[in-house]
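Residue-level structural notes
Below, each chain spelled out in residue letters.
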Amino acid sequence: MSALSKIAMRPFPIRTALVVGRDSQIEAQLRGILEPDSWAVQHAKDNAAALFMAQTKNFELILTSEKTSGREDIELLRKMRRIRPHTRLIILADESTPADVINSMRECAFSYFSKPFSPEVLAIMIRHAIEEPCWDDGIDVISATPEWIRIRARCDLKTADRVLQFFDEIAELPDPERTAVGTAFREMLTNAIEHGGRLDPNQQVEISYVRARHMVMCRISDPGQGFTLDEIPHAAIANPADDPIRHVEYRDAHGMRPGGYGVLLAQRLVDELIYGEYGNEVQLIKYLNLEPRG
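Presented here is an overview of the structure given in this document. (Residues numbered from 1 in each chain as written. Predicted model: local features only at pLDDT ≥ 70, side-chain atom pairs only at ≥ 80, totals over all residues. Heavy atoms only, no water.)

**Regarding the nonpolar core**
As a reminder of what qualifies: Only buried Ala, Val, Leu, Ile, Met, Phe, Trp, Tyr and Cys residues count toward a nonpolar core, and they belong to the same one when joined by side-chain atoms within 4.5 Å. In this scheme, a residue with accessible area under 20% of its type's maximum is buried, one over 50% is exposed, and one in between is partly exposed, where area comes from a 1.4 Å probe on protein chains only. Numbering of helices and strands runs from the N terminus, with a helix taken as a DSSP run of H or I at least four residues long and a strand as a DSSP run of E at least two residues long. Whether two residues are in contact is decided by their heavy atoms, any of which lying within 4.5 Å being enough.
Ranked by internal contacts, the top residues of the largest apolar core, which has 54 residues, are Val-163, Phe-167, Phe-185, Leu-189, Ile-207, Tyr-209 and Leu-284. The biggest single contributor to this core is helix α8 (residues 177–196), with 7 residues. Not counting the four nearest positions on each side in its chain, Ile-207 is found in contact with Ile-149, Arg-150, Ile-151, Ala-153, Val-163, Phe-167, Phe-185, Leu-189 and Arg-219.

Dropping the structure here:
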């Protein structure tokens, strides 16, 4: 038998995911994402059982139960990472607070979802968890309270998705403000990572989120050299009035992905979009029309 045949016949290592509790929808999602030839799924009846199992086996992915609170799952994560420092754990919580989400970021949860959550977004996060080779240095909490959070995030789009999910859980905003702020934040964060950070995982963006009584403010600072709005031919906002699709032609000619509407969209979704002098930091402000608190 040739050496090539031996290599071809050698079995690939099976990776293992651990699911706390049983949920038919979650299990169906995992079956659709995890290839059966490469993954095995085990179950633990509760957090205590999951911790016991992790003491003897390394799980590449762990999902907690929706029936537990965020606080309980963070305590599991804290104990789990003492045993397995690089555990990729996604929290699914029945009850949650912004403080719980912040603590999960400090303890390096891979992601956090509380009811009700989008199955589609959860599926994306599971894929990121199994594909990301190095992840647990991607988000650094500088300082955080539920009203004012400052973090640094690695300049890659998968880390951006994780940041956006954490902040979506933290933001206690009414609709449609929640959707507007979330969409504008996504556009400006991905712009900062792609154009300011050049998708360089060795670079970081700094993000600040402030939730005041009648206002939300997000500040994003990137490591780029900056720009002025009339010097970005890849963006729709720089199009002349007589050529509304000029940026599309520019992006196509330079091999850039479709897009370029981020700044224009963000301007329409928030009340203030303010760039710093050098163009490598931006503040988004949304005013909230809420009843005064008693």
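**Here we look at the sheet that holds strand β2 (residues 39–44)**
Using the following cut-off: Should DSSP find at least two bridges between two strands, the strands are taken to pair. A fitted line through C-alpha atoms represents every axis, and for helices the fit uses only the stretch in contact; the resulting angles, taken between N-to-C directions, go from 0 to 180 degrees.
Strands sit in the order β2-β1-β3-β4-β5 across an open sheet of 5 strands; the sheet is parallel. Because the sheet does not close on itself, it has two edges, and the strands there are β2 and β5 (111–114). Neighbour-to-neighbour, the strand axes of the sheet open up by a mean angle of 15°, direction not taken into account. Pairing analysis gives 3 bridges linking strand β1 (residues 15–20) to strand β3 (residues 61–63), with the strands arranged parallel. Paired with Ala-17 across the two strands is Leu-61, which belongs to β3. Contacts from helix α6 (residues 119–131) reach β1, β2, β3, β4 (89–93) and β5, with the element oriented near 160° to β4.

**Re the side chain of Glu-169**
Heads up, the rule is: We score Asp and Glu as negative and Lys and Arg as positive, and we do not count His or the chain ends. Here, a salt bridge means any Lys or Arg side-chain nitrogen found within 4 Å of an Asp or Glu carboxyl oxygen.
Position of Glu-169 relative to the elements: it lies in helix α7 (residues 157–170). The side chain of Glu-169 is buried and forms no salt bridge, while Arg-178, the nearest opposite charge, is found at 5.7 Å. Those residues within four positions of Glu-169 in sequence are excluded, and the remaining contacts are Val-101, Tyr-112, Phe-113, Ser-114 and Arg-178.

**Notes on the packing of α6 against α7**
Test applied: In what follows, roughly perpendicular refers to angles from 65 to 115 degrees, roughly parallel to angles under 35, roughly antiparallel to angles over 145, and oblique to any angle outside these ranges. Here is the rule for handedness: rotate from the far helix to the near one, and if that takes an anticlockwise turn smaller than a right angle the crossing is left-handed, while a clockwise turn gives right-handed. Residues are grouped as follows: nonpolar covers Ala, Val, Leu, Ile, Met, Phe, Trp, Tyr, Cys and Pro; charged covers Asp, Glu, Lys and Arg; every other residue, Gly included, is treated as polar.
It is at 11 Å that the axes of α6 and α7 come closest, and there the two elements cross at 135°. As judged from the angle between their axes, α6 and α7 are oblique. Crossing geometry of α6 relative to α7 is assigned as left-handed. Each of Val-121, Ile-124, Met-125, His-128 and Glu-131 in α6 lies in contact with α7, whose residues at this interface are Lys-158, Asp-161, Arg-162 and Gln-165. For the contact of α6 with α7, the per-class residue count stands at 3 nonpolar, 2 polar and 4 charged.

**Thoughts on the pairing of β4**
For β4, a buried count of 5 out of 5 residues is recorded, marking the element as mostly surrounded by other parts of the structure. Burial along β4 is two-sided: the residues Leu-89, Ile-91 and Ala-93 and Ile-90 and Leu-92 are all buried. For β3 and β4, the ladder comprises 2 bridges, and the chain directions are parallel. Pairing of Leu-63 across the sheet is with Ile-90, part of β4.

**Brief notes about the packing of helix α4 (residues 70–83) against helix α5 (residues 98–106)**
A pair of packed helices is captured by two measures, namely the crossing angle of their axes and the spacing between those axes. Running from N to C, α4 and α5 point in directions that differ by 10°, and their axes come no closer than 9 Å. Taken together, the axes of α4 and α5 lie roughly parallel to each other. Like other packed secondary-structure pairs, α4 and α5 cross with a definite hand, here left-handed. Residue-level inspection shows Gly-70, Arg-71, Ile-74 and Leu-77 of α4 in contact with α5, the latter providing Asp-100, Asn-103 and Ser-104.

**Examining unusual backbone geometry**
Between Lys-115 and Pro-116 the backbone carries a cis peptide bond, its omega angle lying at -10°. Residue position: Pro-116 is located in the loop between β5 and α6. A cis amide bond, omega 5°, links Asp-175 with the succeeding residue Pro-176. Looking at where Pro-176 falls in the secondary structure, it is placed in the loop between α7 and α8. With a phi angle near 55°, Arg-198 is a residue other than glycine that sits in the positive phi range. With respect to the helices and strands, Arg-198 occurs in the loop between α8 and β8 (204–211). The class of Arg-198 is exposed, set by a relative accessible area of 66%.

**Observations concerning the side chain of Asn-47**
The cut-off we apply is this: As used in this structure description, the phrase polar contact means that two N or O atoms lie within 3.5 Å; if the pair is within protein, one of them must be able to donate a hydrogen and the other to accept it, and residues adjacent in sequence are counted only when both atoms belong to side chains.
Locating Asn-47 in the fold gives a position in helix α3 (residues 47–54). Among the polar contacts made by the side chain of Asn-47, one reaches the side chain of Asp-73 at a distance of 3.1 Å. Non-local contacts of Asn-47, meaning those with residues more than four positions away in its chain, are made with Val-20, Thr-68, Glu-72, Asp-73 and Leu-76.

**Structural notes on the pattern of salt bridges**
All chains considered together, the criterion is met by 13 salt bridges. Taking the shortest distance from any N to any O, the salt bridge between Lys-79 and Glu-75 comes out at 4.0 Å. In this pair, Lys-79 and Glu-75 both sit in helix α4, 4 residues apart, roughly one turn of the helix. With a shortest N-O distance of 3.2 Å, Arg-186 and Asp-161 are connected by a salt bridge.

**Digging into the packing of aromatic side chains**
As a reminder of what qualifies: Between rings of Phe, Tyr and Trp, where Trp is taken as its six-membered ring, a pair exists when centres lie within 6.5 Å; planes separated by under 30 degrees are stacked, by over 60 edge-to-face, and by other angles tilted.
Summed over the entire model, instances satisfying the criterion amount to 3 aromatic pairs. Between Phe-113 and Phe-117, the ring centres sit 5.7 Å apart and the planes meet at 65°, which makes this aromatic pair edge-to-face. Under the relative-accessibility criterion, Phe-113 is labelled buried at 1%. Ring centres of Phe-167 and Phe-185 lie 5.5 Å apart, and the angle between their planes is 55°; this geometry places the pair in the tilted category.

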